[in-house]
Each structure stands twice: as C-alpha cells, then as structure tokens.
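A structural walkthrough
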Amino acid sequence: GWCWDAETCAQRPPDMVSSTPYPETMAMDDHGIFGSASPLASYNRVWVPQCSSDAWMGDIGANESAAGVNWRGSRIMRAALQDMVTRGLKDGDFMLFGGLSAGARGAMVHLDTINSTGAIPSGVSLLGYLDSPYYIEMQPFQNLTQVEHRVAEETQAVACAMQNEDILRGDGACELDEAWKCGFGEYRIPLLKTPFLLVASQYDWYGLMTAMGASLSSTECFPDPQCPYYKYADEFKGITRQGLSTLPQVISGKSGLYSSTCYDHAITKNDNWGDQEVDGVTHPEALSQAIAAFQGHGEMPVVIQSATSSIAGRGAWSRSRARAAALRRQLEVGVGLDEPEMNYHHNRLW
C-alpha cells in the first residue's frame, strides 16, 4: 500500500510511515523466501521493510510536498543498495532484485535503471523478482468510485502528490503518454528490458479487496447479494489473465511467469510460499528455474493456472520446464486457455 495526502498517510500503521517502531530483529517464516529451505538460503539476503508508504517511488520532503509529508522511498532504496556495495557487492556478482506488493511495484519502476544510474556496479548481473505488482485498470465496482477503491486513480494521486515523474520515467526507461502509467503494473511491466520472474494471482486479493471494499476469508463471505462480487472477480481475472498471457518478455522466453488462481497476494515471505503449487510447480521451483534460465541453463518458467490449485506436496521442476515450452507455444499462436475457478488461499522491497 501507499498514501497520497496527509489524511491517508495519517491512517497508515506507524511502522509503514517510520522505522522508529521497528524491533532490533525481525523473524521470517521458515518456508518463505528467507527461510532455510529457500533456493536463496545460501545467498546474501537483504530485507528492507517499507517505512515510506510510497512504494519506493518517492523522493520529496515534507517541506516540499503540498501534503506536508515525507516520501523518501526511492532514496532509501538507493541508500540500501549503496550499503550493499560497501559490504562487497561488485562487478560479476549476481543480484536478484525485487519485492512483494508495494515493494514489487517499486522494484518494477527501478529495475531497468539501477545498473545504468550507478546504484549498483554496472557489471552486476541483474534478475528481477516481482511478486504481485500487477495493478490493472477496469470499471468501478458498483458505485465505489472513490480514489481508495480505484488503483489507477490512486496511482495518479500518488504521482501528483510526490511530483516524481523523473523517478517514474527512469531517465527515459518509460515514455508512456502519462507518467503515472510508468508506476502501474499493467502498463509498465510490458516495457521492462531487464529479465524478471513475475508472480501474479489472477484473483489478486489486494486488487479485488480495494476495488470491491470487501474480501473473503476462511470465516467470512462477500456481503449479500454475493453474485455481483463473484461476477466482478471473474471479470478481474479475465483482464489479468489476458494481460499476463500477452507479456512480450514471457512470450519471447526472456522472462518468467507464475500465475495462480488462488485468492491471495504477495506470499513470498510467508510459509505457504514453499507449499503452494500451480500445476504441480511450487514457487521455489519456479524461482530456481528462472535463476537457472537466466544463467543459461534451460527455459524460463511459464506457469499459468487453469484450474483450482492444490496446497500440498512438491511438484517436479521438469514439469515446469515442459509446461513453459507448451504454454509459450500456445501464447505465440494465441490459443485460449480454459477458465479457472476462484480458490481461497491466503510491501516490501527486498
């Protein structure tokens, strides 16, 4: 999440607008990406929690912004990268750069520029990992036209409040007609030049909850009458699926995709990241395959769920490779895939 004026920022949790409440140490779920079973267990891993509520896209002080708010996420991100350089990040190293939710949207904006602008050494080999940045623009749900229910309007309000066009456009990396679109997943991701693995649920919990003002849980249903909620969710899924299936980087094999029909959002650091399967392939397996493909071994994963998922066991990596090749052939010729069902399963840069 993020905020775009003094009122919305005042409503944010304290640890989302300042690092002051942070504990000395933060525990991570063992089956998440920072756990001992993660494909990155042997890596140097850095977690930068969001305390700026700007999806890492702002660099304006309270004395400069009309809202009287500090938005310094872009500066914090660059400071964190510079600290990594002082600790030994150098030419020839491999970096997986990404995040989840707001962190993924920030990583999306900066992915193509951190090499060229000197945030990291130009010789660092860079792969993006983007978990749930794929905002889509669609019609309002019923009469919910307020900014807080419209992710496109939120993004426009953020761009206006933060005066961050230079950051969004990234020194020419994004030349869309309106700068706010450079911070919006549906429009920005197709432009990315740096290889990436995109994780995006076709029934993204956050996107649907924001638009509809209500969400499902293990104990609560949508308000009655429920049919309009499910109909809107299916329309949301269709737009998301179509956009993901036509990403040029995925079709070309340069980047990877992992898309479930689970009703979830940004689970990378959670325990179920290691257990959730899409067509027999887990998140860790897809990530391992993406890293291997980036380093010249095999193909990028393309895993697009077409039925309800199972939350058990571990799939075979080879199935992901075969599925990637088959799906890429389907995408290249525009073959439609069958309609999935909705399945319940439940912002930071790292």
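Read on for a plain summary of the structure.

1. Quick word on the pattern of salt bridges
- Here the structure, examined in full by the defined rule, presents 9 salt bridges.
- Residues Lys181 and Asp177 are paired through a salt bridge, measuring 3.3 Å at the closest nitrogen-oxygen approach.
- With a relative accessible area of 60%, Asp177 lands in the exposed category.
- Lys181 is paired through a salt bridge with Glu178; the nearest N and O atoms lie 3.6 Å apart.
- Look at Lys181 and you get buried, because its relative accessible area is 15%.

2. Focus: unusual backbone geometry
- A cis amide bond, omega -10 degrees, links Asp224 with the succeeding residue Pro225.
- Among the secondary structure elements, Pro225 is positioned in the loop between α7 (205–212) and α8 (227–245).
- Even without being glycine, Ser101 reaches a positive phi, approximately 60 degrees.
- Mapped onto the elements of the fold, Ser101 is located in the loop between β1 (94–100) and α3 (102–110).
- A relative accessible area of 4% places Ser101 in the buried class.

3. Overview of a negative patch on the surface
- On the surface, a cluster of negative charge is made up of Asp29, Asp30, Asp271 and Asp275.
- Turning to its location among the elements, Asp29 is positioned in the loop between α1 (6–10) and α2 (73–86).

4. Comments concerning the side chain of Ser52
- Its location among the elements puts Ser52 in the loop between α1 and α2.
- Polar side-chain contacts of Ser52 include one of 2.6 Å to the side chain of Asp54.

5. Some points on the pairing of strand β4 (residues 256–259)
- Residues Gly256 and Tyr258 of β4 are buried on one face, and the alternating residues Leu257 and Ser259, pointing to the opposite face, are buried as well.
- Across 3 bridges, strand β3 (residues 196–199) lies against β4 in parallel orientation. By the bridge assignment, Leu198 is partnered in β4 with Leu257.
- Alignment of β4 against strand β8 (residues 302–304), held across 3 bridges, turns out to be parallel. Across the sheet, the residue bridging to Tyr258 is Val303, located in β8.

6. Some details on α8
- With 19 residues, α8 extends 27 Å between its outermost C-alpha atoms, agreeing within 8% with the 27 Å of an ideal straight helix rising 1.5 Å per residue.
- Considered for burial, the residues of α8 that qualify are Tyr229, Tyr232, Ala233, Phe236, Lys237, Thr240, Arg241, Gly243, Leu244 and Ser245.

7. Points about the packing of aromatic side chains
- For the structure on display, the rule yields 14 aromatic pairs.
- Pairing Phe222 with Tyr229 gives two aromatic rings, centres 5.0 Å apart and planes at 10 degrees, and the pair type is stacked.
- Given a relative accessible area of 9%, Tyr229 falls into the buried group.
- Each member of the aromatic cluster is reached from another via a ring pair, and the members are Trp2, Tyr135, Trp180, Phe184, Tyr187, Trp205 and Tyr206.
- Looking at Arg105, its charged tip hangs above the ring of Trp2, at a distance of 4.3 Å from the centre.
- Its end group placed over the ring of Tyr187, Lys181 keeps NZ or CZ at 5.2 Å from the ring centre.

8. Digging into the nonpolar core
- Counting 73 residues, the largest nonpolar core has Met95, Phe97, Ile114 and Leu198 as the members making the most contacts within it.
- It is helix α4 (residues 151–162) that contributes the most residues to this core, 7 residues altogether.
- With 23 residues, the next largest nonpolar core counts Ile33, Leu96, Val199 and Ile291 among its residues.

9. A short note on α7
- Counting buried residues along α7, 6 of its 8 residues qualify, which places the element largely inside the surrounding structure.
- For α7, the full list of buried residues reads Tyr206, Gly207, Leu208, Thr210, Ala211 and Met212.
- The opening residue of α7 is Asp204, an N-cap whose side-chain oxygen sits 3.2 Å from the backbone nitrogen of Tyr206.
- Immediately downstream of α7, the backbone of Gly213 shows phi near 70 degrees, a positive value.

10. With respect to the packing of α7 against α8
- As a packed pair, α7 and α8 sit with axes 11 Å apart at the nearest point and diverge in direction by 130 degrees. One element, α7, and the other, α8, form an angle in the oblique class. Where α7 crosses over α8, the two elements pack in a sense that is right-handed. In contact with Gly207, Leu208, Ala211 and Met212 of α7, α8 contributes Tyr229, Tyr232, Ala233 and Phe236.

The rules behind these values
- Residues numbered from 1 in each chain as written.
- Predicted model: local features only at pLDDT ≥ 70, side-chain atom pairs only at ≥ 80, totals over all residues.
- Heavy atoms only, no water.
- Salt bridge = Lys/Arg side-chain N within 4 Å of Asp/Glu carboxyl O.
- Buried < 20%, exposed > 50% of the residue type's maximum accessible area, 1.4 Å probe, protein only.
- Helix = DSSP H or I, 4+ residues; strand = E, 2+ residues; numbered from the N terminus.
- Patch = residues over 30% accessible without salt bridge, like charges linked within 9 Å, V, L, I, M, F, W, Y side chains within 5 Å.
- Areas by Shrake-Rupley, 256 points an atom, 1.4 Å probe, with all protein chains shown as cover.
- Lys, Arg positive; Asp, Glu negative; His and termini not counted.
- Charge placed at Lys NZ, Arg CZ, Asp CG, Glu CD.
- Polar contact = N/O pair within 3.5 Å; in protein donor to acceptor, adjacent residues only side chain to side chain.
- Pairing = 2+ DSSP bridges.
- Expected span 1.5 Å × (residues − 1).
- Phe/Tyr/Trp six-rings, centres within 6.5 Å; stacked < 30°, edge-to-face > 60°.
- Lys NZ or Arg CZ within 6 Å of the ring centre and 35° of its normal.
- Core = buried A, V, L, I, M, F, W, Y, C linked by side-chain atoms within 4.5 Å.
- Axes fitted to C-alpha atoms, helices over the stretch in contact; angles between N-to-C directions.
- Parallel < 35°, antiparallel > 145°, perpendicular 65-115°, else oblique.
- Left-handed = near helix turned anticlockwise from the far one by under 90°.
- Contact = heavy atoms within 4.5 Å.

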